[in-house]
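Coordinate inspection notes
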Amino acid sequence: MAEYFTARGLPVPRELQQNPLTDWRKLLGIALVLLVLYVGLQITAIDTGRANVEYAVGIIRQLFDWDFSIMSPRDEFETYRDTAWWKMIETIFLGVMATAFSMVIALPLAFLGARNIMAGNPITQAIYLVIRVMFTIIRSIDVLIVVIVLLVIFGPGNAAGVFGLAFHNIGVLGKLYSEAIESIDAGPLEAITATGANRTQVVWTAVLPQITNPFISFTIYRLDTNVRLAPILGLVGGGGIGTDLFQSIQLFQYGAAGLIIFMIVFTVAAMDFISAQIRKRLV
Amino acid sequence: MPPLVSIKDLVKVYPSGTRALDGVSLDIQRGEFLVLIGLSGSGKSTLLRCINRLVDPTSGTVIFDGIDVTAADRVAIRRVRRRIGMIFQQFNLVRRSSVFSNVLSGRLGYRSTWRTIASRPTASDVAAAFENLGRVGIAQRAYSRADALSGGQQQRVGIARALMQKPELMLADEPVASLDPATSHSVMKYLEEINRKDGITVVCSLHFLSLARRYGTRVIALKDGRIAFDGKPDAIDEKRFKEIYGEDAEEVEIGPERSQAQPMTANDAALRALADGTHADPSGR
């Protein structure tokens, strides 16, 4: 095959120059992956020896033997606010409030973090850079870590959860909003400017119609994500139904835990479906 | 009568170092249908945009009806701009807005900011919008979304928007370069009509010499930011043509049919990806 190329004075393709079985680059790659896996096994020391299959099957059975007593007050000291269904609603609204708080802050910041809006002079370009770096840093700190830090200020409960979730979300929404502003079509801006309109009129007529749908779409998408994250917050003390799930497992109440898990799965799936449907209509 | 536009020694050097205009001087008389021709990058778009100062020239002056456009402050430049209509190769309509509100936006320069924000057009503006839409033959589509219209129709909306300004001068930046030959002529005929009937001076850049000969009363050719030809359209013979477009150029009657499909904007693409679930979540979850 290689003669075809040499006979015509063409360079021989690399694929034909080497036998894949003796290609040291490929062999080195395979060896490297195997080495990493071996070293990883030594370091993590994964021990499956203590797993008890019979016991596990028993627990999984209990998880499906749902304890519906958590759906109503269990004694005279509890009200509807202590029931699991109320905690679920509370958890959904942890996500809603976190999205709302972060949206209010991310919205104005996004304009300062959009390259096309801030282009022109060095000062605005510096602001653009600072804002975008800030978004990236905020985004890179995981929600659970923020919540743990906020426990110091607010103590365990919904406040730490909401503000932790909102903080992380500022970074994500800010980036998404900024990119939506950056990707608008500049043509209409030029056309409206050419009619003699002032800056406010140009933004109102040519920029806003282009960004409203992406903004709504991104906000609903993050609302969906935040409601999905909210039940986890309870595991580190961030409030919501996660607290109840954590407690019921520690108290070996697997019937209650199973029902709570089902409620969370159902809620998240429903949110996912609704948010996808709305976003589809916004395209 | 003094010229409507008087341009002197106009130079534009972009920050990238490109010398788009290299000393252009010309007078545009009232009632002319002036066609600008020249290769891509010869400075046609820049020259048009220097007239209403969408582009700030590096040096030189542009006088519009006795007003020095190049020295005007922000308020004065807006007052000049509203007397100059402009249409574009990509139509530049707000695609998500209705045809009607696009046409209405031609009046913005005459109306207060609060009227814009409150969406309260005056009755006379609404009447004028329908009149101008009727003139370009698309009053029935007034409440369609702008991007639901074909390319030719969108350009006619662009003309209606510019007519809302009651302009004395109409700038057209390659208005038919995105259209097929048949549609090109229908759009050019509207420009011809507003030139002849309304007496609006037209400055129009074109790619095809055949269109320039058919519609222009005067042709100016730009080459490397300088004027290479200025005269009657039929004065451009084989020799002149080679001077303007280069030795290897061949004249074609009208170009190959082009697609009217508009590219998806980046936002549309992102929205679609998000709806499909193929969007990468930047939070990493």
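Residues numbered from 1 in each chain as written. Chains lettered and ligands numbered in written order. Predicted model: local features only at pLDDT ≥ 70, side-chain atom pairs only at ≥ 80, totals over all residues.

Some details on the overall build of chain B
Across its full length, chain B carries 10 helices and 10 strands. Within chain B, contacts between residues separated by at least 24 positions form 71% of all contacts whose residues are at least 6 apart in sequence. (Helix = DSSP H or I, 4+ residues; strand = E, 2+ residues; numbered from the N terminus. Contact = placed C-beta atoms within 7 Å.)

Quick notes on the overall build of chain A
In terms of helices and strands, chain A carries 13 helices and 0 strands. Reading the secondary structure of chain A in the N-to-C direction produces α-α-α-α-α-α-α-α-α-α-α-α-α. Taken over C-alpha atoms, the radius of gyration comes to 27 Å for chain A, far larger than the 19 Å a tight globule of 283 residues would show. With respect to the three principal axes, the spread of C-alpha positions in chain A is 85 × 70 × 40 Å. Considering only contacts within chain A whose residues lie at least 6 apart along the sequence, 66% involve residues at least 24 apart. (Rg over C-alpha atoms; globule rule 2.2 N^0.38 Å.)

Topic: unusual backbone geometry
Most peptide bonds adopt trans geometry, and most residues besides glycine take a negative phi value. Even without glycine at this site, Ala45 of chain A takes up a positive phi of about 45°. Structurally, the position occupied by Ala45 of chain A is in the loop between α3 (24–44) and α4 (53–64). Within the chain, Asp9 of chain B stands out as a residue other than glycine whose phi angle is a positive 50°. Its place among the elements puts Asp9 of chain B in strand β1 (residues 5–13). Residue class for Asp9 of chain B comes out partly exposed when judged on the 13 C-beta atoms lying within 10 Å of it. (Buried ≥ 20, exposed ≤ 12 C-beta atoms within 10 Å, placed from the backbone.)

As for the interface of chain B and chain A
Between chain B and chain A, the contact holds 33 residues from the first and 37 residues from the second. Of all the secondary-structure elements, those providing two or more residues to the side of chain B that touches chain A are α2 (74–81), α4 (113–117) and α10 (266–276) of chain B. It is α10 of chain B that provides the largest number of residues to the side of chain B that touches chain A, a total of 7 residues. Across the side of chain B that touches chain A, the residue classes break down as 13 nonpolar, 13 polar and 7 charged. (Nonpolar A, V, L, I, M, F, W, Y, C, P; charged D, E, K, R; others polar.)

Some words on the sheet that holds strand β7 (residues 169–173) of chain B
Residues and elements named next belong to chain B. Spatially, 6 strands are ordered β6-β7-β8-β3-β9-β10 in an open sheet, and the strand pairing comes out mixed. With partners counted over all chains shown, the strands left at the sheet margins are β6 (84–87) and β10 (226–231), one partner each. Direction aside, the axes of adjacent strands within the sheet are offset by 15° on average. The sheet contacts of helix α6 (residues 151–163) involve β6 and β7, and relative to β6 the element is tilted by about 170°. Packing of helix α7 (residues 181–196) onto the sheet brings it into contact with β3 (33–37), β7 and β8 (201–205), and relative to β8 it is tilted by some 155°. (Pairing = 2+ DSSP bridges. Axes fitted to C-alpha atoms, helices over the stretch in contact; angles between N-to-C directions.)

Points about the packing of α4 of chain A against helix α13 (residues 254–282) of chain A
Residue and element names in this part refer to chain A. It is the contact of α4 with α13, at a shortest axis distance of 6 Å, that shows an interaxial angle of 60°. In terms of orientation, α4 and α13 fall into the oblique class. Here α4 runs over α13; the crossing is right-handed. Residue-level inspection shows Ile59, Gln62, Leu63 and Phe64 of α4 in contact with α13, the latter providing Tyr254, Gly255, Ala257 and Gly258. Residues of the contact of α4 with α13, tallied by class, amount to 5 nonpolar, 3 polar and no charged. (Parallel < 35°, antiparallel > 145°, perpendicular 65-115°, else oblique. Left-handed = near helix turned anticlockwise from the far one by under 90°.)

Concerning the domain arrangement of chain A
Parsing chain A into structural domains produces domain 1 (13–44) and domain 2 (70–282). Between the C-alpha centres of domain 1 of chain A and domain 2 of chain A there is a distance of 43 Å. (Domains from an automatic or database assignment.)

Some details on the sheet that holds β1 of chain B
Strand order in the open sheet formed by 4 strands is β2-β1-β4-β5 (chain B), and the pairing between neighbours is antiparallel. Looking at the sheet topology across the chains shown, the edges are occupied by β2 (19–28) and β5 (67–68) of chain B.

Quick look at helix α5 (residues 123–135) of chain B
Structural remark: α-helix, 3.6 residues per turn; residues separated by three or four positions point the same way. Residues and elements named next belong to chain B. Look at α5: 18 Å from first C-alpha to last across 13 residues, which is about the 18 Å you get at 1.5 Å a residue. Among the residues of α5, those classed as buried are Ala128, Ala129, Asn132 and Leu133. Axial view of α5: buried residues confined to an arc of 135°, hence all on one face. Across from the buried face of α5, at angles greater than 90 degrees, the exposed residues are Ala123, Ser124 and Ala127. Of the surrounding elements, those touching the buried residues of α5 are α3 (99–104) and α6. The first or second residue beyond α5 is Gly137, which carries a positive phi of 75°. (Expected span 1.5 Å × (residues − 1). Arc of directions from axis to C-beta.)

Here we look at the domain arrangement of chain B
A common way to report how large an interface is uses the accessible area buried once the components associate. Residues and elements named next belong to chain B. When its domains are assigned, chain B resolves into domain 1 (1–83 + 168–285) and domain 2 (91–166). Contacts between domain 1 and domain 2 engage 14 residues on the former and 12 residues on the latter. When contributions to the side of domain 1 that touches domain 2 are tallied by element, the ones reaching two or more residues are α2 and α7.

Comments concerning α3 of chain A
Over its 21 residues, α3 of chain A extends 30 Å from the first C-alpha to the last, a length consistent with the 30 Å expected when each residue adds 1.5 Å. Burial analysis of α3 of chain A places just 0 of its 21 residues in the buried class, a small minority of the element.

As for the confidence of the model for chain B
All names here are of chain B. With 89% of its residues at a pLDDT of at least 70, chain B reaches an overall mean of 88. Ignoring residues within four places in sequence, the model shows residues 255–261, a span with pLDDT below 50, making 11 contacts including any to other chains. Scored by ipTM, the complex comes to 0.86, with pTM at 0.76. (pLDDT = per-residue confidence, 0-100.)

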